[in-house]
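Chain by chain, the residues:
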Amino acid sequence: RRARFRDEARALLASERRARTLFDTVHLIVLGLDRDGRVDYVNPYFLQLTGYTREEVLGQPWAERFIPMAQQQEVQSVFLESLEHDFHPYYQNAILTRTGEERLIAWNNTVLRDPQGGPIGTLSIGEDITERRRLEAQLRQAQKMEAVGQLTGGIAHDFNNILMAIVGYTDFLLPATLSSPALVDDVREIRKAADRATVLTRQLLA
């Protein structure tokens with residue numbers, strides 16, 4: 001029995017070492033909170049991402065210390081609901097770095113329990129998706145601009161066809177108005193306006 005206990009203890013220790021190595025090397029945030037919502041573990045990646053030292057983080061109230069004020073109440077509610085009902089296994093919120101910069105994090109949350117099944121805290125794995133969201137926003141803006149460009153091009157093309165008709169009719173009318181200087185001037189002014197509009201249409205097409 002003692003040998004079996006020693007083997008189980010060694011296996012447990014080896015498992016803990018593997019988990020610790022994984023937590024220390026993975027490029028994801030690993031965050032442990034106790035039942036009061038205070039930080040009891042962060043991995044080196046969190047410290048690297050935020051610029052904090054471990055001493056500045058451990059024991060601090062997570063929501064009050066590291067979450068933007070506008071989201072603090074919501075994040076605290078999510079934490080309490082997770083403890084009580086196992087809600088919000090997946091969640092996103094911003095965190096604050098040491099310089100005050102906000103980073104958007106996508107979390108996978110797990111409730112930690114004692115041997116009797118009571119909640120004692122949470123363990124969360126977080127991915128920094130700030131740059132991804134920024135690129136998605138840029139892509140959406142580019143798609144909007146492309147749609148506006150296509151619409152503008154279509155309108156300009158149709159308008160250009162109308163202007164060509166106007167120009168053609170002024171060319172047709174001009175010889176017939178030579179006997180009336182006033183009409184000649186009017187037709188020429190129409191032609192000038194159409195020429196100016198044609199230049200504008202070309203700019204829109206460009």
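Above this text sits the structure in question.
Residues numbered from 1 in each chain as written. Predicted model: local features only at pLDDT ≥ 70, side-chain atom pairs only at ≥ 80, totals over all residues. Heavy atoms only, no water.

Trainee: Hey, could you run me through the sheet that holds strand 4 (residues 102-113) in this one?
Mentor: Sheet strands pair via backbone hydrogen bonds, and the direction of the pair is either parallel or antiparallel. Spatially, the 5 strands line up as an open sheet ordered 2-1-5-4-3, and their pairing is antiparallel. Only two strands of the sheet have a single partner each, and these edge strands are strand 2 (39-42) and strand 3 (90-96). Within the sheet, the average angular offset between the axes of one strand and its neighbour, ignoring direction, is 30°. Here strand 1 (residues 29-34) pairs with strand 2 via 3 bridges, running antiparallel. Residue pairing in the sheet places Leu33 in a bridge with Val39 of strand 2. Here helix 5 (residues 69-85) sits on the sheet in contact with strand 1, strand 3, strand 4 and strand 5 (119-128), set at roughly 140° to strand 3. On top of the sheet, helix 6 (residues 130-173) reaches strand 3, strand 4 and strand 5; it is set at about 130° to strand 4, its chief contact. (Pairing = 2+ DSSP bridges. Helix = DSSP H or I, 4+ residues; strand = E, 2+ residues; numbered from the N terminus. Axes fitted to C-alpha atoms, helices over the stretch in contact; angles between N-to-C directions. Contact = heavy atoms within 4.5 Å.)

Trainee: Honestly, a nonpolar patch on the surface in this entry has me stumped. Any pointers?
Mentor: Together, Phe159, Ile162, Ile166 and Ile190 line one region of the surface with nonpolar side chains, adding up to about 340 Å² of accessible area. Per element, the largest residue contribution to the nonpolar patch is 3 residues, and it comes from helix 6. Tracing the backbone shows Ile190 in helix 7 (residues 181-205). (Patch = residues over 30% accessible without salt bridge, like charges linked within 9 Å, V, L, I, M, F, W, Y side chains within 5 Å. Areas by Shrake-Rupley, 256 points an atom, 1.4 Å probe, with all protein chains shown as cover. Salt bridge = Lys/Arg side-chain N within 4 Å of Asp/Glu carboxyl O.)

Trainee: How do you make sense of the pattern of salt bridges when you look at a structure like this?
Mentor: A side chain of one charge can pair with a side chain of the opposite charge when the charged atoms of the two come close. Applying the stated criterion across every chain yields a total of 11 salt bridges. Among the salt bridges present, the one from Asp128 reaches Arg103, with a minimum N-O distance of 2.8 Å. Taken together, the positions of Asp128 in strand 5 and Arg103 in strand 4 put the pair 25 residues apart, joining distant regions of the chain. Residue Arg103 is classed as buried on the basis of its relative accessible area, which comes to 12%. Among the charged side chains, a network of salt bridges with common partners joins Glu101, Arg103, Asp128, Glu131 and Arg134. (Buried < 20%, exposed > 50% of the residue type's maximum accessible area, 1.4 Å probe, protein only.)

Trainee: Explain the nonpolar core to me, please; I cannot follow it from the model alone.
Mentor: As a rule of thumb, soluble globular proteins bury nonpolar side chains together. Core analysis: the largest hydrophobic core is formed by 24 residues, its most contacted members being Ile29, Leu31, Val39, Phe46, Val57, Trp62 and Ile95. At the level of secondary structure, the elements contributing two or more residues to this core comprise strand 1, strand 2, helix 2 (44-50), helix 4 (62-66), helix 5, strand 3 and strand 4. Here Val39 is in contact with Leu31, Gly32, Leu33, Val57, Leu58, Gly59, Gln60, Trp62 and Phe66, once residues within four sequence places are set aside. (Core = buried A, V, L, I, M, F, W, Y, C linked by side-chain atoms within 4.5 Å.)

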